[in-house]
Amino acid sequence: MSDHYYTNQPHAAHDFTEFDFELKGHKFHFVTDSGVFSRNTIDYGSRVLIETFSATDLPKGPLLDVGCGYGPIGLTLAATTERFVEMIDVNQRAIDLAKRNAGRNQIENVVIHESNIYETVNETAYAAILSNPPIRAGKKVVHTILSDAYPLLTEGGTLTVVIQKKQGAPSAEKKMKEVFGNCTILTKDKGYYILQSIKED
């Protein structure tokens, strides 16, 4: 199936949608399209992740949004933390939309580019990596996002993800503990778990 949002080139006919949405006290204007995840509104999991995550106590360094889609998580981070944010996705259509949405919302402290998981990331010392991972791409992809985040984080940096309990949060928690030696459930909301691990020395 080439029309899944986690494929590189969705073939669904374009069907652009626009909407406004407030995240972390900022009003954003988004344009979305067919062939991308949650095109009609910001999905609940991303909203919970955005509202739960705090950059206050992070070490210095940029942030990374893995599987950014049309941009809600990464653009909110860029608008609210004043840090540099790198945003990546395998879906070229999503990348194009995220770039348009950055421009529409006058957000300049971002770089947005195509990457299959971490293949083309720009840094090796991120202060935080965040993801609403593509569950439908399969457990292997999701667990690669979790495990391969570790070497890319600076000391004291965090990996924060949102996963529904019924879609693998317990196994993701186990994987994160295995890789990082720690994992905290920051929030549980309507079956969505916000999991966070810290890269300790």
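Engineer: Give a description of the side chain of Thr76 that names residues and reports values.
Structural biologist: Within the secondary structure, Thr76 sits in helix H2 (residues 72–81). Once residues lying within four places of it in the same chain are set aside, the contact partners of Thr76 are Leu23, Lys24, Phe28, Ile50 and Gly71.

Engineer: Give a description of the nonpolar core that names residues and reports values.
Structural biologist: Counting 33 residues, the largest nonpolar core has Met87 and Val110 as the members making the most contacts within it. Taken together, the elements giving at least two residues each to this core come down to strand E2 (26–32), helix H1 (44–52), H2, strand E4 (85–89), helix H3 (92–104), strand E5 (110–114), strand E6 (126–131) and strand E9 (192–198). Contacts of Val110, omitting those with residues within four sequence positions, involve Leu75, Ala78, Phe84, Val85, Met87 and Ala102. Core analysis: the second largest hydrophobic core is formed by 24 residues, Ile117, Leu146, Phe180 and Cys183 among them.

Engineer: Hey, could you go over the packing of aromatic side chains for me, with residue numbers and the actual values?
Structural biologist: Summed over all chains, the structure comprises four aromatic pairs. A ring pair is formed by Tyr44 and Tyr192, whose centres lie 5.8 Å apart and whose planes are at 50°; its orientation type is tilted. Linking Tyr44 in helix H1 with Tyr192 in strand E9, this pair joins segments that are 148 residues apart in sequence. Classification of Tyr192 by relative accessible area gives buried; the value is 18%. Taking 5.1 Å as the distance between ring centres and 70° as the angle between the ring planes, the aromatic pair formed by Tyr150 and Phe180 counts as edge-to-face. Of this pair, Tyr150 sits in the loop between helix H4 (139–147) and strand E7 (153–164) while Phe180 sits in helix H5 (residues 169–180); the two residues are 30 residues apart in sequence, bridging distant segments of the chain. Residue class for Tyr150 comes out partly exposed when judged on its relative accessible area of 27%. Assessed through its relative accessible area of 7%, Phe180 is described here as buried. Lys199 extends its terminal NZ or CZ atom over the ring of Tyr150, reaching a point 4.7 Å from the ring centre.

Engineer: Give a detailed account of the side chain of Ser147, specifying residues and quantitative values.
Structural biologist: Structurally, Ser147 is set in helix H4. Here the side chain of Ser147 touches Asp148 through a polar contact of 3.2 Å, side chain to side chain. Residue contacts for Ser147: discarding those within four places in its chain leaves Lys175 and Val179.

Engineer: Got a sec to walk through the layout of surface pockets? Specific residues and values, please.
Structural biologist: The computed volume of the second largest pocket comes to approximately 170 Å³. Taken together, Thr52, Phe53, Ser54, Thr56, Asp57, Leu58, Gly156, Thr158, Leu186, Gln196 and Ile198 make up the full set of residues lining the second largest pocket. Of all the secondary-structure elements, those providing two or more residues to the lining of the second largest pocket are E7 and E9. Class assignment for the residues of the lining of the second largest pocket results in four nonpolar, six polar and one charged.

Engineer: Any details on unusual backbone geometry? Residues and values, ideally.
Structural biologist: The residue Gln106 is not glycine, and still its phi comes out positive at about 50°. For Gln106, a relative accessible area of 69% puts it in the exposed group.

Engineer: Break down the packing of H1 against H2 for me, citing the residues and quoting the values.
Structural biologist: With their axes 10 Å apart at the nearest point, H1 and H2 run at an angle of 20° to one another. With respect to H2, the element H1 is oriented roughly parallel. Considering the relative orientation of H1 and H2, their crossing is right-handed. Counting all contacts with H1, which are made through Ser46, Leu49 and Ile50, the residues of H2 involved are Pro72, Ile73 and Thr76. Split by residue class, the contact of H1 with H2 holds four nonpolar, two polar and no charged.

Engineer: So, the pattern of salt bridges: which residues are in play, and what are the values?
Structural biologist: This model, assessed by the stated rule, comprises two salt bridges. Lys177 is the partner of Glu173 in a salt bridge, and the nearest nitrogen-oxygen pair spans 3.4 Å. Pair noted here: Glu173 and Lys177 are both in helix H5, with a separation of four residues, about one helical turn. Overall, the relative accessible area of 18% leaves Glu173 in the buried class.

Analysis parameters
Residues numbered from 1 in each chain as written. Predicted model: local features only at pLDDT ≥ 70, side-chain atom pairs only at ≥ 80, totals over all residues. Heavy atoms only, no water. Helix = DSSP H or I, 4+ residues; strand = E, 2+ residues; numbered from the N terminus. Contact = heavy atoms within 4.5 Å. Core = buried A, V, L, I, M, F, W, Y, C linked by side-chain atoms within 4.5 Å. Buried < 20%, exposed > 50% of the residue type's maximum accessible area, 1.4 Å probe, protein only. Phe/Tyr/Trp six-rings, centres within 6.5 Å; stacked < 30°, edge-to-face > 60°. Lys NZ or Arg CZ within 6 Å of the ring centre and 35° of its normal. Polar contact = N/O pair within 3.5 Å; in protein donor to acceptor, adjacent residues only side chain to side chain. 1 Å grid on protein atoms, 1.4 Å probe; cavity = no way out; pocket = protein on both sides within 12 Å on 5 of 7 lines; lining within 4 Å. Points joined across faces, edges and corners; volume = space filled by probe spheres on them. Nonpolar A, V, L, I, M, F, W, Y, C, P; charged D, E, K, R; others polar. Axes fitted to C-alpha atoms, helices over the stretch in contact; angles between N-to-C directions. Parallel < 35°, antiparallel > 145°, perpendicular 65-115°, else oblique. Left-handed = near helix turned anticlockwise from the far one by under 90°. Salt bridge = Lys/Arg side-chain N within 4 Å of Asp/Glu carboxyl O.

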